[in-house]
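An overview of the molecular structure
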Amino acid sequence: MLVETQEETPEIRERLHRVGITNLRTVARINWKGRVYTFLPVFEITIDVPEEKKGIHMSRLVESITEAMSEAVEEEVMQAHTSLEELGRCVIRRLEGKHPHRRAEVWIKTHLIIPRQTPASGKTTYEPYDVEVGVIKNEDGSFGKVLRVKVIGNTACPHAMANNDGKTHIQRAIGELEVRTAFDEEIALEDMIDVVESSFSHPTYTLLKTIDENAVVQGMHRNPKFVEDVAREIFAKAKERFNGKIHVRVISNESIHKHDVIAETWS
Ligand SMILES: Nc1nc2c(ncn2[C@@H]2O[C@H](COP(=O)(O)OP(=O)(O)OP(=O)(O)O)[C@@H](O)[C@H]2O)c(=O)[nH]1
Ligand SMILES: [Fe+2]
């Protein structure tokens with residue numbers, strides 16, 4: 001007979017808001033607008049623990065993920081989930097039948113690989129973007145979601161350019177955009193990525209032929225930006241396009257310093 005230690009009363013009776021599994025790597029298939037993508041996401045799944053319970057039954061959280069995955073991995077059940085957030089809610093729905101809780105969260109971190117065209121030669125290039133989707137079940141049973149994208153672009157410094165006959169320092173910059181919104185609000189991660197990528201001095205590319213590299217170098221010099229300019233542009237575009245609480249953070253890996261510069265804002 002197994003001892004259910006988790007059901008005992010703990011010495012210190014404190015409610016815990018988030019207890020569960022993190023850094024769980026798995027596979028998921030998403031049928032996004034009719035195209036099936038296979039992801040290798042990292043999951044975090046948590047529930048709250050009441051003050052009178054020593055612990056939670058961790059394996060049940062893992063079972064909720066593995067059972068939701070099996071819906072979309074075995075070939076015969078091709079009902080792949082239609083979005084990462086819908087997959088997250090499906091995991092929580094499964095958990096509801098397995099483990100009592102009042103509040104639950106599922107966070108899915110993965111990469112989106114989006115085909116793009118190089119700027120001059122027009123060749124196809126596959127660009128990686130970090131994305132994260134959080135699905136939150138509130139105590140009243142309502143669902144919210146958090147969408148996050150991280151994009152690598154670049155900045156050409158306008159200040160150095162103005163003071164050095166057009167010469168300047170140029171660096172990679174990372175733009176992060178987060179939108180916190182109602183679960184049913186339709187927001188595509190690709191659209192969030194486009195908002196960030198279009199706000200740099202120029203996008204970056206995996207594949208660049210010489211004529212493409214020339215186009216990027218000329219484009220950057222035509223479009224010098226402070227880290228503040230990039231953050232403001234992302235924020236203005238995101239407020240315009242997405243309904244929710246917006247958070248923007250841009251880090252520029254300055255090529256003239258051993259440190260970075262940052263600009264951040266939120267609604
Ligand atoms: N709450 C808690 N569980 C832990 C901790 N460390 C390990 N465990 C987990 O304890 C789990 C086994 O307990 P349960 O999940 O309840 O497994 P079980 O009792 O066989 O399954 P159920 O019948 O569904 O309860 C293992 O999966 C471990 O990961 C911890 O610090 N806290
Ligand atoms: Fe158990």
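Since we're looking at a predicted model, the values are computed, not measured. (Residues numbered from 1 in each chain as written. Chains lettered and ligands numbered in written order. Predicted model: local features only at pLDDT ≥ 70, side-chain atom pairs only at ≥ 80, totals over all residues. Heavy atoms only, no water.)

The next thing to look at is the coordination of the iron ion (ligand 2). Around the iron ion (ligand 2), the protein contributes the donor atoms E4 (OE) and H57 (ND1), which lie 2.2 to 2.5 Å from the metal centre. Here E4 is found in the segment before β1 (16–25), whereas its partner H57 is found in the loop between β4 (42–49) and α1 (58–73), with 53 residues between them in sequence. The class for H57 is buried, based on a relative accessible area of 6%. (Donors = N, O, S within 2.8 Å, 3.2 Å for Na, K, Ca; no water. Helix = DSSP H or I, 4+ residues; strand = E, 2+ residues; numbered from the N terminus. Buried < 20%, exposed > 50% of the residue type's maximum accessible area, 1.4 Å probe, protein only.)

Let us look at the packing of aromatic side chains. Taken as a whole and judged by the stated rule, the model has two aromatic pairs. Ring centres of F143 and F183 lie 6.1 Å apart, and the angle between their planes is 70 degrees; this geometry places the pair in the edge-to-face category. Remark: F183 occurs in the loop between β8 (170–182) and α4 (189–197) and F143 occurs in strand β7 (residues 143–156); sequence separation between them is 40 residues. On the basis of relative accessible area, F143 is assigned to the buried category, the value being 13%. Among the residues examined, F183 registers a relative accessible area of 8% and is labelled buried. Just above the ring of F143 sits the side chain of R89; from NZ or CZ to the centre is 5.9 Å. If you follow K145 out to its NZ or CZ, it ends over the ring of F183, 5.7 Å from the centre. (Phe/Tyr/Trp six-rings, centres within 6.5 Å; stacked < 30°, edge-to-face > 60°. Lys NZ or Arg CZ within 6 Å of the ring centre and 35° of its normal.)

Turning to the side chain of T110, a few remarks are in order. Checked against the element boundaries, T110 lands in strand β5 (residues 104–117). A residue is classified by how much of its surface remains accessible, and T110, at 5% relative accessible area, is buried.

To continue, consider the UniProt feature "site: May be catalytically important" (unreviewed entry) in the protein. With numbering aligned to this structure, UniProt lists the feature "site: May be catalytically important" (unreviewed entry) at C157. Looking at the secondary structure, you find C157 in the loop between β7 and α3 (158–163). Classification of C157 by relative accessible area gives buried; the value is 9%. Leave out the neighbours within four places in its chain, and C157 touches T168, H169, Q171, P224, K225 and F226. (UniProt positions renumbered as here; feature names shortened; annotations may be inferred. Contact = heavy atoms within 4.5 Å.)

Moving on, we get to the domain arrangement of the protein. In terms of domains, the protein is made up of domain 1 (9–102) and domain 2 (107–266). Between domain 1 and domain 2, the buried area comes to about 1,800 Å², and carbon and sulfur atoms account for 59% of it. At the junction of domain 1 and domain 2, the tally comes to three salt bridges. Note that K145 and E85 form a salt bridge whose closest N and O atoms lie 3.0 Å from each other. Here domain 1 and domain 2 share six residue pairs in polar contact (both at pLDDT 80 or more) between them. Secondary structure elements with two or more residues in the side of domain 1 that touches domain 2: β4 and α2 (84–96). Counting residues per element, the side of domain 1 that touches domain 2 draws most heavily on α2, which supplies nine residues. (Domains from an automatic or database assignment. Buried area = accessible area lost by both parts, 1.4 Å probe. Salt bridge = Lys/Arg side-chain N within 4 Å of Asp/Glu carboxyl O. Polar contact = N/O pair within 3.5 Å; in protein donor to acceptor, adjacent residues only side chain to side chain.)

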